[in-house]
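Reading the structure
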Amino acid sequence: MSLLRVENLHRYLGEGDTRCHALRGVGFTIEPGRTYAIAGHSGSGKSTLLYLLGLLDIPDQGQIWVGDRETSRLTDDERTAVRNEHMGFVFQFHFLLKEFTALENVMLPMRKLGRLSEEAMRAKASDLLVAVGLGDKTRRLGTQLSGGEQQRVAIARALANDPGLILADEPTGNLDHTNADRVFALLSDIAHQRGQALLMVSHNPELASRCDHVFRMQDGVILP
Amino acid sequence: MSPALLIALRFLSARKRAMLMSLAGIVFGVAFFVVTQAQTAGFESYFIKTILGVNGMVRIEDRIQSTRSLAATQGSDFTIAVEGSVKYIPGVQYPNDLLGALKRFPEVTAASPVIRGNATLIANFREYDVKPYGIELASFVNVSDLDTQIIDGSLGAFSENPYGLILGVRIAKRMNLQIGDSVLLDAAGEPQRFRINAIYETGIDQVDRERVYLHLPAGRSLLNKPVGASFIQANVVAPELAPALAMRIEEAVGHSTLAWQEREKTWLQVFSVLRISSALTISTIIFISGLGMFNTLVMIVVDKTREIAILRSMGYTREDISRIFMLQGGIVVACGVVFGCLAAAAGTYALSHIPIRIRGIFASDHFVVLWDPWHYVGAAVIAVIVVMVASYFPSRRAARLEPGSIIRGSSS
């Protein structure tokens, strides 16, 4: 069974004269343990697609299947629960909660899922931070970390609940070349090692080409 | 600890100064509310205690003679009742019968006949208008606090002297009289001599400057009323039972019967208005604190828009987000109520020790306060309602944020 399946997705954005058809019948499948890139020019609809796949937006038409569950008719709370359990997000900006340490930021999704004890959550978050190379900075606040380090904390946070799918929106867009390369390598390695799928939106053709599969988008459709 | 509570606590630290200002407002609001209520309720309860100690809980006075009559049309059996005016025959003609009747009311704990009139007190070549109250000392102390109101002399000396006199402190001062002095009372043109055995002070100005107590037989002789009584003063098991009981007594014995609540209605209303007025005034402090809380939470929602979006993306529901902000309000109001109540207790204690000489409607040499847990409950309820309403709207706004559009907006 595919991890994620999309059929005939349509999405309109804006209202009145500014209304535009952002996605025009997009469809594809995502398999576990593989990395995918959505590439395209600005306004091609790639971010719109990513937010629909992350259940942060609702399509006007079409279906999104997460595993065997069709999500277009789920309530807001049900979609939120699916996100919590099956998806991890990495955005262009890290969006760490600055009042929390790196460890506590990583524990936030686990706290919501509520399946682990406090000690187990702490140990797992610590392991994840070690995995992203921040084992010695677990107690630092987000403001005490560099941009690259903050983004690595965000990656660890995205992996907290062992989601099947990691959705990344320009995860390296705010980093210098060295850090960008390191963050992508980290995401790619984790996806392959853990059997998780990585779906990444990127303007960077070099990074996109390093993924297992690239969806090229133009004017709201995926090019063949 | 729930994740919502943990996040709420951390978010609170984001705007410490504003939160502390709101907290201070709630603390002061709760404290002032309780202290003012303790003070006004204290004065009111002390006034009630004083007035009950002077005039008792229930007074059975004039006999009611209904002038209701029956009217009938000529040559017909049909009759209807016609209400006429109620006629009052002054005083109690058969006090012993009435006292016997009162024994059938288990709520009545004590009753005492009193004869009342007007007289002129003559002493030291001066005259002073007084109201003599002829009492049966043994029963009267059960329907009044006369024994505790004595500030000079003794009731023992009075009880042993058939022509003893108990004088109000204001009369004694005005006439320059002391214990053991002999005075004349003239009520019916035949002055009678009495000896002052005690001086009392109720604190009620009007009583202390016109009322003198003498024995019932001496009073009857002085006022030329050989039988009967002016009224029966009675106490009941609980002051709040007096109005209902008064109605039942009036219906049963046919005498006008007045409960203390009706008798002191004017003063009680004054206290009630004062208490409500002070509560409303002080509540504005809490309302303003609520507004401050509202502003602070709105600012936090604006500040934390991206954090809210990321929390939503990682699985926190709208309800979780709402709870985070409601909890912030809850934490502040909980701290505000606890510290406010502690400050209120300290303030009430301090206030009760401030020396102030009060005479007029009661006698006190310091502020009178009433320790009533309901004042604390009332302040807490007002604070909780105000702050939680103030927190509701920012929390709803936070919960309505759409994470996708915020994150996209931040990324672009």
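Rules and cut-offs
- In this numbering scheme, every chain counts its residues from 1 along its sequence in written order.
- Whichever chain is written first becomes A and whichever ligand is written first becomes 1, with later ones labelled in order.
- Note on the predicted model: pLDDT of at least 70 is required for a residue's local features to be given, and 80 or more for side-chain atom pairs to be given and counted; whole-chain, interface and lining totals, by contrast, use all residues.
- The side-chain quantities take in all heavy atoms of the structure and omit both hydrogens and water.
- Here an axis means a line fitted to C-alpha atoms, over the contact stretch when the element is a helix, while the angle between two N-to-C directions is reported on a 0 to 180 degree scale.
- Helix and strand assignments come from DSSP, with helices taken as H or I runs of at least 4 residues and strands as E runs of at least 2, each series counted from the N terminus.
- Just so you know how the angles are binned, under 35 degrees is roughly parallel, over 145 roughly antiparallel, 65 to 115 roughly perpendicular, and the rest oblique.
- When residues are sorted by character, Ala, Val, Leu, Ile, Met, Phe, Trp, Tyr, Cys and Pro go into the nonpolar class, Asp, Glu, Lys and Arg into the charged class, and all the rest, Gly among them, into the polar class.
- Patch definition: residues with relative accessible area over 30% and no salt bridge; like charges joined within 9 Å; nonpolar side chains (Val, Leu, Ile, Met, Phe, Trp, Tyr) joined within 5 Å.
- Per-residue accessibility takes into account occlusion by the displayed protein chains alone, with areas from the Shrake-Rupley method and a 1.4 Å probe.
- A carboxyl oxygen of Asp or Glu within 4 Å of a side-chain nitrogen of Lys or Arg is what we treat as a salt bridge.
- Summary of the burial criterion: residues with accessible area below 20% of their type's maximum are buried, those above 50% are exposed, and those between are partly exposed, where the area comes from a 1.4 Å probe applied to protein chains only.
- Contact definition: two residues touch when any of their heavy atoms are within 4.5 Å.
- Accessible area that two parts lose when put together, evaluated with a 1.4 Å probe and summed over both, is termed the buried area.
- Criterion used throughout: strands pair if DSSP finds at least two bridges between them.
- For each domain, the first and last residues come from an automatic or database assignment.

1. Observations concerning the packing of helix α2 (residues 16-55) of chain B against helix α12 (residues 265-303) of chain B
Residue and element names in this part refer to chain B. The interhelical angle for the contact between α2 and α12, taken along N-to-C directions, is 170°, at an axis separation of 9 Å. The orientation of α2 with respect to α12, classified from their angle, is roughly antiparallel. For the contact of α2 with α12, the per-class residue count stands at 22 nonpolar, 11 polar and 2 charged.

2. Overview of a nonpolar patch on the surface
All names here are of chain B. On the surface, W374, V377, V381, I385, V389, Y392 and F393 cluster together into a nonpolar patch covering about 690 Å² of accessible area. With respect to the helices and strands, the residue V381 is situated in helix α15 (residues 373-400). Note on V381: relative accessible area 41%, which makes it partly exposed.

3. Here's the deal with the interface of chain A and chain B
Opposite the 27 residues of chain A that make contact, chain B presents 27 residues. Roughly 2,500 Å² is buried in total at the junction of chain A and chain B, and carbon and sulfur atoms are behind 60% of that figure. Taken together, the links from chain A to chain B amount to 5 salt bridges. A salt bridge links K304 of chain B to E99 of chain A, with the nearest nitrogen and oxygen atoms 2.2 Å apart. Elements represented by at least two residues in the side of chain A that touches chain B include exactly α1 (46-53), α2 (76-86) and α3 (102-113) of chain A. In terms of residue class, the side of chain A that touches chain B is made up of 12 nonpolar, 5 polar and 10 charged.

4. Thoughts on the sheet that holds strand β9 (residues 213-218) of chain A
Residue and element names in this part refer to chain A. Strand order in the open sheet made by the 6 strands is β6-β7-β8-β3-β9-β10, with mixed pairing throughout. Both edges of this open sheet fall to β6 (87-90) and β10 (221-222), since each of them pairs with a single strand only. Pairing geometry for β6 and strand β7 (residues 165-169), over 4 bridges, is parallel. Residue V90 lies in a different strand from β7, and its bridge partner there is A168. The strands that α2 touches are β6 and β7; relative to β6, the one it contacts most, it runs at about 80°.

5. Here we look at the domain arrangement of chain B
Residue and element names in this part refer to chain B. Domain annotation of chain B identifies domain 1 (3-52 + 267-411) and domain 2 (58-67 + 84-262). Its C-alpha centre places domain 1 at a distance of 50 Å from the equivalent point of domain 2. Contact with domain 1, which involves 11 residues of that partner, is made by 11 residues of domain 2. With both chains or domains summed, domain 1 and domain 2 bury close to 870 Å², and 59% of this area falls on carbon and sulfur atoms. Between the two partners, domain 1 and domain 2, sit 0 salt bridges.

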